[in-house]
Amino acid sequence: MASEGRFDLSDKKEIPTGTINAIIAMYQLALSKVLGSGSAALTQLILREVTKIADEMLKDLGVELGDVEDLEKDIPKIFKLTGVSEKVEVEVSGDKASSGSVYTIKVYDSVFKPVALLLQRKGIKFTLSPESFIAAYVIRKVLRKKNAKANVRIQVEPMKSPEEPLIIKVIVR
């Protein structure tokens, strides 16, 4: 039950994506004003701290990731499963899931795309991209099986136009 600090689907209330986008944009604007260019550091901190909590929240929502192994197939599947995007492409450079490898995730039709476009027009870096958190969380989950100290770094490229995808780079460290 949500009132008990659990994230489940028993309530069945729907929130329009425009409302969610406005909330995300407000957080990003406030974060950018308070931390300036240091707001990107918060993204990295969130990733380090939320893996276990994210597992619990997704489980409460009825989303079981199971054994995520093939990131090029599983990342698009998870975006679709969570309702964030239907069209996602993943490209990998370097040795998969090893230090120095880079996962480039292209998200074409995200429900959060309006936030990225708004922030780009305002010249604000989108460090709280929900898409980047999902991608990095999944990659980190796979990495942790191989190396408990494995870490990732996220870069979200500014969107150039509504026709282009949101590009997220997840670098394995």
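Everything below is about the structure shown above.
Computed from a predicted structure; not experimentally measured.

Each helix and strand in the protein chain was counted, giving five helices and four strands. Helices and strands in the protein chain line up, N terminus first, as α-α-α-β-β-α-α-β-β. By the burial criterion, 41% of the 173 residues in the protein chain qualify as buried. Taking the intrachain contacts of the protein chain between residues at least 6 apart in sequence as the baseline, contacts between residues at least 24 apart amount to 61%.

What follows concerns the packing of helix H3 (residues 71–81) against helix H5 (residues 130–146). At their nearest, the axes of H3 and H5 sit 10 Å apart, and the two run at 140° to each other. When the interaxial angle is binned, H3 and H5 end up oblique. Crossing angle aside, the handedness with which H3 passes H5 is right-handed. For the pair formed by H3 and H5, the contact residues are Leu71, Ile75, Ile78 and Phe79 on the first element and Glu131, Ile134, Ala135, Val138, Ile139 and Val142 on the second. A breakdown of the residues in the contact of H3 with H5 according to their chemical character gives nine nonpolar, no polar and one charged.

With that settled, the discussion passes to the pairing of strand E3 (residues 152–156). Covered by surrounding structure in E3 are Val152, Ile154 and Val156 only, the residues Arg153 and Gln155 on the alternate face being uncovered. As paired strands, E3 and strand E4 (residues 166–172) are joined by five bridges and run antiparallel to one another. Along E4, the bridge assignment pairs Val152 with Val172.

This part is about the sheet that holds strand E2 (residues 102–107). Read from one edge to the other, the open sheet built from four strands follows the order E1-E2-E4-E3, with strand pairing classed as antiparallel. In this open sheet, the two strands that pair with only one neighbour each are strand E1 (88–93) and E3. When strand polarity is set aside, the average angle formed by the axes of neighbouring strands in this sheet is 20°. Each of E1 and E2 touches H3; the most contacted strand, E1, lies at about 150° to it.

As a packed pair, helix H1 (residues 17–35) and helix H4 (residues 113–122) sit with axes 9 Å apart at the nearest point and diverge in direction by 35°. Between H1 and H4 lies a crossing of right-handed hand. Touching Asn21, Ile24, Ala25, Gln28 and Leu29 of H1 are Pro114, Val115, Leu118, Leu119 and Lys122, all from H4. Classifying every residue of the contact of H1 with H4 by side-chain character gives seven nonpolar, two polar and one charged.

So, on to the side chain of Thr104. Tracing the sequence through the fold places Thr104 in strand E2. In this view, Thr104 contacts Glu89, Val90, Glu91, Ile167, Ile168 and Lys169; residues no more than four positions away in its chain are not counted.

Reading the values: the criteria
Residues numbered from 1 in each chain as written. Predicted model: local features only at pLDDT ≥ 70, side-chain atom pairs only at ≥ 80, totals over all residues. Heavy atoms only, no water. Helix = DSSP H or I, 4+ residues; strand = E, 2+ residues; numbered from the N terminus. Buried < 20%, exposed > 50% of the residue type's maximum accessible area, 1.4 Å probe, protein only. Contact = heavy atoms within 4.5 Å. Axes fitted to C-alpha atoms, helices over the stretch in contact; angles between N-to-C directions. Parallel < 35°, antiparallel > 145°, perpendicular 65-115°, else oblique. Left-handed = near helix turned anticlockwise from the far one by under 90°. Nonpolar A, V, L, I, M, F, W, Y, C, P; charged D, E, K, R; others polar. Pairing = 2+ DSSP bridges.

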